[in-house]
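Next come the chains, spelled out residue by residue.
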Amino acid sequence: MITASSSPNSAWIKYWGNRNDPLRIPMADSFSMSLDGPNVEIDIDHSPELIVHSFNPDGTEKILGEKHVARFGKTLDNVKTYLTKLGAPDAIPASCNITVRSNIPSAVGIASSSAVFSCLAKAIQGLIAETYELTETQTSVIGRIGSGSAGRSVHGGFVALVAGEGEEIDSAYGKQFADENHWTLHDIIVVPTMIEKKIGSTEGHPTAHSSPHYSDRVDAIMNRRQKECIDAVLAKDFEKLTYVCEEDVLDMHMVMQTSTPALHYLTNDTHRITDGIIELRTSEHLPVFYTMDAGPTVQLICTDESVDRVREFAYAQEGCKVFEAKTGAGAKIIKELATVA
Ligand code: DP6
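These figures come from a predicted structure and were not determined experimentally.

1. Quick look at the overall build of the chain
Part 1: Summing up its helical and strand segments, the chain has 9 helices and 16 strands in all.
Part 2: If one aligns the C-alpha atoms of the chain with their principal axes, the spans along those axes are about 65 × 40 × 40 Å.
Part 3: Put simply, the chain has 341 residues, and 55% of those count as buried.
Part 4: Once local pairs closer than 6 in sequence are excluded, the contacts in the chain between residues at least 24 apart make up 76%.
Part 5: Just so you have it, the chain exposes about 14,600 Å², and 52% of that area is on carbon and sulfur atoms.
Part 6: Seen as two clouds, the 30 positive and the 46 negative side-chain charges of the chain have centres 1 Å apart.

2. Examining the environment of Asn20
Part 1: Within the secondary structure, Asn20 is located in strand β3 (residues 18–20).
Part 2: With 279 residues separating them along the chain, Asn20 and Gln299 place their C-alpha atoms 29 Å apart.
Part 3: Leaving out residues up to four positions away in the same chain, Asn20 has contacts with Ile25 and Glu167.
Part 4: In terms of polar contacts, Asn20 uses its side chain to reach the backbone amide nitrogen of Leu23, at 3.0 Å.

3. Looking at the site of the ligand
Part 1: Close to the ligand lie 16 residues, the nearest being Arg71, Ser147, Gly148, Ser149 and Thr202.
Part 2: Between the ligand and the protein, one listed contact pairs an oxygen atom with a backbone N or O atom of Gly148 at 2.7 Å.
Part 3: Interatomic distance of 3.0 Å between a side-chain N/O atom of His205 and an oxygen atom of the ligand.
Part 4: When grouped by side-chain class, the residues that make up the shell around the ligand number 4 nonpolar, 7 polar and 5 charged.

4. So, helix α6 (residues 214–234)
Since one α-helical turn is 3.6 residues long, residues separated by three or four positions face the same way.
Part 1: For α6, with 21 residues, the first-to-last C-alpha span of 28 Å sits near the 30 Å given by 1.5 Å per residue.
Part 2: At Ile221, α6 is deflected by roughly 55 degrees, the largest bend along its length.
Part 3: When we look at burial in α6, the residues that qualify are Tyr214, Arg217, Val218, Ala220, Ile221, Arg225, Gln226, Cys229, Ile230, Ala232 and Val233.
Part 4: One or two positions beyond α6, positive phi appears at Lys236, with a value near 50 degrees.

5. Overview of the pattern of salt bridges
Part 1: The full count for this structure, using the stated rule, is 22 salt bridges.
Part 2: As a salt-bridge pair, Asp251 and Arg217 come within 3.0 Å of each other at their nearest N and O atoms. A residue pair is termed long-range when its members are at least 10 positions apart, and Asp251 in helix α7 (residues 238–257) and Arg217 in helix α6 qualify at 34 residues. There is no split in this pair, since Asp251 and Arg217 are both buried.
Part 3: For Arg225, the salt bridge is made with Asp251, and the minimal N-O distance between the two is 3.2 Å. With Arg225 in helix α6 and Asp251 in helix α7, this pair connects stretches of sequence that are 26 residues apart.

Cut-offs applied
- Residues numbered from 1 in each chain as written.
- Predicted model: local features only at pLDDT ≥ 70, side-chain atom pairs only at ≥ 80, totals over all residues.
- Heavy atoms only, no water.
- Helix = DSSP H or I, 4+ residues; strand = E, 2+ residues; numbered from the N terminus.
- Buried < 20%, exposed > 50% of the residue type's maximum accessible area, 1.4 Å probe, protein only.
- Contact = heavy atoms within 4.5 Å.
- Areas by Shrake-Rupley, 256 points an atom, 1.4 Å probe, with all protein chains shown as cover.
- Lys, Arg positive; Asp, Glu negative; His and termini not counted.
- Charge placed at Lys NZ, Arg CZ, Asp CG, Glu CD.
- Polar contact = N/O pair within 3.5 Å; in protein donor to acceptor, adjacent residues only side chain to side chain.
- Near = heavy atom within 4 Å.
- Nonpolar A, V, L, I, M, F, W, Y, C, P; charged D, E, K, R; others polar.
- Expected span 1.5 Å × (residues − 1).
- Bend = angle between axes of the 7 residues up to and from the residue.
- Salt bridge = Lys/Arg side-chain N within 4 Å of Asp/Glu carboxyl O.

Shown next as structure tokens:
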């Protein structure tokens, strides 16, 4: 049995829309910082049939709906297809017994699927190690097969999901540009509501193409924005990073709002928080920027220098929950137990 651990990431150039939905092959590159928490642990072992158990942060079992179990099943089927392509068709002979222990509060507004499926990918890397040694890039492909953004969380630090070309299952993969020691940045997560969103990312991605602004979005990322973001991170240029990340998040939400059906994830609370942080950074010259995923939660990314002030701002937001994370190391194998035959 193998146990792996992983955490979500904070997406700065957002992944939105696929060129192949079932395989989660994205239309455009994306970029994120892996976080050091909250974490998910997964135990995995071979099993004649698929078994999935999931436990909440308080240790109680979370009863998984059919849709959730089916997602694990589909992911394993696609992983087996990929392993066959790699020349290891028998690396997972039948199925797996998977136990997920999540410390991520539900509906926190940061993609728990990025943590769960990057963790699963790392656990699979450990599980099949004797039959086939997956590289980190191949492990990121397995993460991406389960959840697009998980392709990034397999690696630590500052990571791109490279869209690549074509329809091959491994045409898109995670690529680390700098590890977690390069730059410590904080993510102060301000959650206005714990109510789960109606349309999740998986259902949202296919709508992207219906927005009249989508092809401009893809062009902007592929021709300019992704490179600007990577350059800003490598140069630790927080001002440049602020500009490109805020441009990208607003662009993604414009695409969402102009697609059919229109997806309105941002609320009055979101706008109140982003307006407030802009005011604060202008008046106090603070290095901080905001970003939002498919929900009203606002992530405030800041440096060591500004974190105390940003934290104070976050805790002053009425009716909001606050979570804190910083640059993290990506998915890790934490335990290997020989199975007694
Ligand atoms: C808005 O990776 O959650 O958070 O592949 O269907 O699991 P699935 O989608 P997911 O999409 C993430 C969308 C986003 C932006 C991002 O994380 O880049």
